[in-house]
Amino acid sequence: DQQVKQNSPSLSVQEGRISILNCDYTNSMFDYFLWYKKYPAEGPTFLISISSIKDKNEDGRFTVFLNKSAKHLSLHIVPSQPGDSAVYFCAFREAGNNRKLIWGLGTSLAVNP
Amino acid sequence: AAGVIQSPRHLIKEKRETATLKCYPIPRHDTVYWYQQGPGQDPQFLISFYEKMQSDKGSIPDRFSAQQFSDYHSELNMSSLELGDSALYFCASSFRGAIAGNKNIQYFGAGTRLSVL
């Protein structure tokens, strides 16, 4: 049973517009929620995170929103740029000492010039 | 800044052979994680080590073993390779430290692409 669902396998957005990527989860025992960006043939690159005690974290063009009651995480990219084209994974960290990440399946974002 | 180094980047093996993947974490990171990503799949957690001790175990087959050495680098040993082991293997490192509640962000290497023929 998948604990993290990233339901949109792909997303296409025009340059300058907003990109919104979403993840839903079922497990309430996550303490940190992270977004990673992955280019082909490279490892995932950490992008932004949010603690379970917050509902918003902003870093430049990237904003992450956490809605704990709806068990929903989203990433907003504004304005989107062609260089943002990549696969975006949400990753949820289990609380406790081991802190392993549970991953979504990824959303392939294409930002068109 | 130094990143996570994985070697080799590509590896081609035949069925029933063995393979060893290496991971060199970011300096001063004390935790190493191994993930396997099959085609079209999300990364699956295999195993992790904290301060050279196994910390957590995920979906790692019995044919695989791993360890973290005194210099904190880690090796993933894979024996009796099967076609289904063909995947991208990622290593990540983080600084966990002794303080509870730190972010413990995992930073990933570029991965080793293993092809089993």
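Residues numbered from 1 in each chain as written. Chains lettered and ligands numbered in written order. Predicted model: local features only at pLDDT ≥ 70, side-chain atom pairs only at ≥ 80, totals over all residues. Heavy atoms only, no water.

Things to note about the overall build of chain B
When its secondary structure is counted, chain B shows zero helices and 11 strands. Beginning at the N terminus, the succession of helices and strands in chain B can be written as β-β-β-β-β-β-β-β-β-β-β. Its C-alpha radius of gyration of 14 Å places chain B within 12% of the 13 Å reference for a compact globule of 117 residues. Across its three principal directions, the C-alpha atoms of chain B cover 45 × 30 × 30 Å. When the 117 residues of chain B are sorted by exposure, 49% land in the buried category. Within chain B, contacts between residues separated by at least 24 positions form 55% of all contacts whose residues are at least 6 apart in sequence. Carbon together with sulfur atoms contributes 52% to the accessible area of chain B, which is approximately 5,700 Å² in total. (Helix = DSSP H or I, 4+ residues; strand = E, 2+ residues; numbered from the N terminus. Rg over C-alpha atoms; globule rule 2.2 N^0.38 Å. Buried < 20%, exposed > 50% of the residue type's maximum accessible area, 1.4 Å probe, protein only. Contact = heavy atoms within 4.5 Å. Areas by Shrake-Rupley, 256 points an atom, 1.4 Å probe, with all protein chains shown as cover.)

Focus: the interface of chain A and chain B
Frequently, the measure chosen for interface size is the accessible area removed from exposure when the parts meet. Between chain A and chain B, the contact holds 20 residues from the first and 25 residues from the second. Both sides of the chain A and chain B interface together cover about 1,900 Å² of buried area, and 52% of this is carbon and sulfur. Here chain A and chain B share zero salt bridges between them. Elements with a contribution of two residues or more to the side of chain A that touches chain B: β4 (30-38), β5 (45-51), β9 (86-94) and β10 (101-103) of chain A. When residues in the side of chain A that touches chain B are grouped by element, the largest group, four residues, is from β4(A). Of the residues that constitute the side of chain A that touches chain B, the class distribution is 10 nonpolar, five polar and five charged. (Buried area = accessible area lost by both parts, 1.4 Å probe. Salt bridge = Lys/Arg side-chain N within 4 Å of Asp/Glu carboxyl O. Nonpolar A, V, L, I, M, F, W, Y, C, P; charged D, E, K, R; others polar.)

Observations regarding the side chain of A:Asp84
All names here are of chain A. Its location among the elements puts Asp84 in the loop between β8 (72-77) and β9. Assessed through its relative accessible area of 2%, Asp84 is described here as buried. A polar side-chain atom of Asp84 sits 2.8 Å from a polar atom in the side chain of Arg61. Not counting the four nearest positions on each side in its chain, Asp84 is found in contact with Lys37, Arg61, Phe62, Ile77, Pro79, Leu109 and Val111. (Polar contact = N/O pair within 3.5 Å; in protein donor to acceptor, adjacent residues only side chain to side chain.)

What to know about the nonpolar core
If you look at the biggest cluster of nonpolar residues, it comprises 24 residues, and the most contacted ones within it are A:Phe33, A:Trp35, A:Leu73, A:Leu75, A:Tyr88 and A:Phe92. At the level of secondary structure, the elements contributing two or more residues to this core comprise β3 (19-25), β4, β5, β7 (62-67), β8, β9 and β11 (107-112) of chain A. Broken down by element, this core gets its largest block of residues, four residues, from β9(A). Counting 22 residues, the second largest nonpolar core, distinct from the first, contains B:Val32, B:Leu46, B:Ile47 and B:Val116. (Core = buried A, V, L, I, M, F, W, Y, C linked by side-chain atoms within 4.5 Å.)

Notes on the pairing of strand β6 (residues 53-57) of chain B
Residue and element names in this part refer to chain B. Pairing analysis gives four bridges linking strand β5 (residues 44-50) to β6, with the strands arranged antiparallel. In the sheet register, Ser48 faces β6, and the bridge partner there is Asp56. Linking two consecutive strands that pair antiparallel, namely β5 and β6, is a turn of two residues; a positive phi of about 50° is found at Glu51 within it. (Pairing = 2+ DSSP bridges.)

Let's talk about the sheet that holds β7(A)
Residues and elements named next belong to chain A. Ordered by their spatial adjacency, five strands build an open sheet running β1-β3-β8-β7-β6, and the pairing between neighbours is antiparallel. Each edge of the open sheet is held by one strand with a lone partner, namely β1 (4-5) and β6 (56-59). In terms of strand pairing, β6 meets β7 through four bridges, oriented antiparallel. When the bridges of β7 are listed, Glu58 appears paired with Thr63.

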